[in-house]
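# Structure assessment
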Amino acid sequence: MTEQPIAIDELLALDHYPECGGLALFAGTVRDHHQGLPVESLRYTAYAPLAEKRIAEIEQQTRERFGLSYCRVVHRLGALRIGDVAIVCVARAAHRAEAFEACRYLVDEVKHQAPIWKEEFYTDGSSAYVQGCCIRPDSQSGDQYDVHVDSHPDHHRVPHCDGDHS
């Protein structure tokens, strides 16, 4: 996790994995809307010790599950503007299929398991913590929410299990 812009080039390091023919990269960026609401900016916060531990465990599980030589997830924290990169996942495997599958798995597992919270700021001056997905390894359903919404009457309640991490 970092409060600095993510250096994607450093995550690619092409010459270190000659056995890998598959390289998948996902970069999630901040978009200007969510659930029909116009978003101006957002802020990610986390319980860093646990989030870093969970991300490292997810990376290890992913390497084992998909037979990867390398995978890495970097998630931004702090204030982000529209277009900023919020998360980057890289997966390297012998073949493209495993790299694609592993990259998607990495993003989904970080979204579901890492204690990272997203607060959206809307163009009308209101804000809301986006309702996250259940932080349980046995939960496979995007229907379950771990609700954390500010009680201010101008704040919106926005679910965040739509398959998009950023």
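Residues numbered from 1 in each chain as written. Predicted model: local features only at pLDDT ≥ 70, side-chain atom pairs only at ≥ 80, totals over all residues. Heavy atoms only, no water.

### Here's the deal with the pattern of salt bridges
The full count for this structure, using the stated rule, is five salt bridges. Across the salt bridge formed by arginine 54 and glutamate 57, the nearest N and O atoms sit 2.1 Å from each other. Here the residue arginine 54 and the residue glutamate 57 both occupy positions in helix 2 (residues 48-66), the gap between them amounting to three residues, near one helical turn. (Salt bridge = Lys/Arg side-chain N within 4 Å of Asp/Glu carboxyl O. Helix = DSSP H or I, 4+ residues; strand = E, 2+ residues; numbered from the N terminus.)

### Points about the confidence of the model for the protein
Across the protein, the average pLDDT comes to 84, with 78% of residues at or above 70. Mean pLDDT across the secondary structure elements of the protein bottoms out at strand 10 (residues 145-146), with 33, and peaks at strand 5 (residues 78-81), with 98. Note that pLDDT drops below 50 for residues 139-166; the model gives that stretch 75 contacts with residues more than four away or on any other chain. (pLDDT = per-residue confidence, 0-100. Contact = heavy atoms within 4.5 Å.)

### Some thoughts on the packing of aromatic side chains
Under the defined criterion, the tally for this structure stands at two aromatic pairs. Judged by centre distance (5.1 Å) and plane angle (35°), the ring pair of tyrosine 17 and tyrosine 70 falls under tilted. Linking tyrosine 17 in the loop between helix 1 (8-12) and strand 1 (22-29) with tyrosine 70 in strand 4 (residues 70-75), this pair joins segments that are 53 residues apart in sequence. (Phe/Tyr/Trp six-rings, centres within 6.5 Å; stacked < 30°, edge-to-face > 60°.)

### Points about helix 2
For helix 2, spanning 19 residues, the distance from its first C-alpha to its last is 26 Å, which sits close to the expected 27 Å at 1.5 Å a residue. The elements touched by buried residues of helix 2 are strand 3 (37-46), strand 4, helix 3 (96-113) and strand 7 (116-122). Count one or two residues on from helix 2 and you reach glycine 67, which has phi positive near 65°. (Expected span 1.5 Å × (residues − 1).)

### What about a nonpolar patch on the surface?
Together, Tyr47, Leu50 and Trp117 line one region of the surface with nonpolar side chains, adding up to about 290 Å² of accessible area. Along the chain, tryptophan 117 turns up in strand 7. (Patch = residues over 30% accessible without salt bridge, like charges linked within 9 Å, V, L, I, M, F, W, Y side chains within 5 Å. Areas by Shrake-Rupley, 256 points an atom, 1.4 Å probe, with all protein chains shown as cover.)

### Observations concerning the side chain of glutamate 119
Structurally, the position occupied by glutamate 119 is in strand 7. Of the polar contacts made by the side chain of glutamate 119, one reaches the side chain of tyrosine 129; its length is 3.5 Å. Once residues lying within four places of it in the same chain are set aside, the contact partners of glutamate 119 are Ser41, Leu42, Arg43, Ser127, Ala128 and Tyr129. (Polar contact = N/O pair within 3.5 Å; in protein donor to acceptor, adjacent residues only side chain to side chain.)

### What to know about the state of the cysteines
Within this structure, the stated rule accounts for zero disulfides. Lacking any disulfide linkage, cysteine 89 is separated from the closest cysteine sulfur, that of cysteine 103, by 5.3 Å. (Disulfide = S-S within 2.5 Å.)

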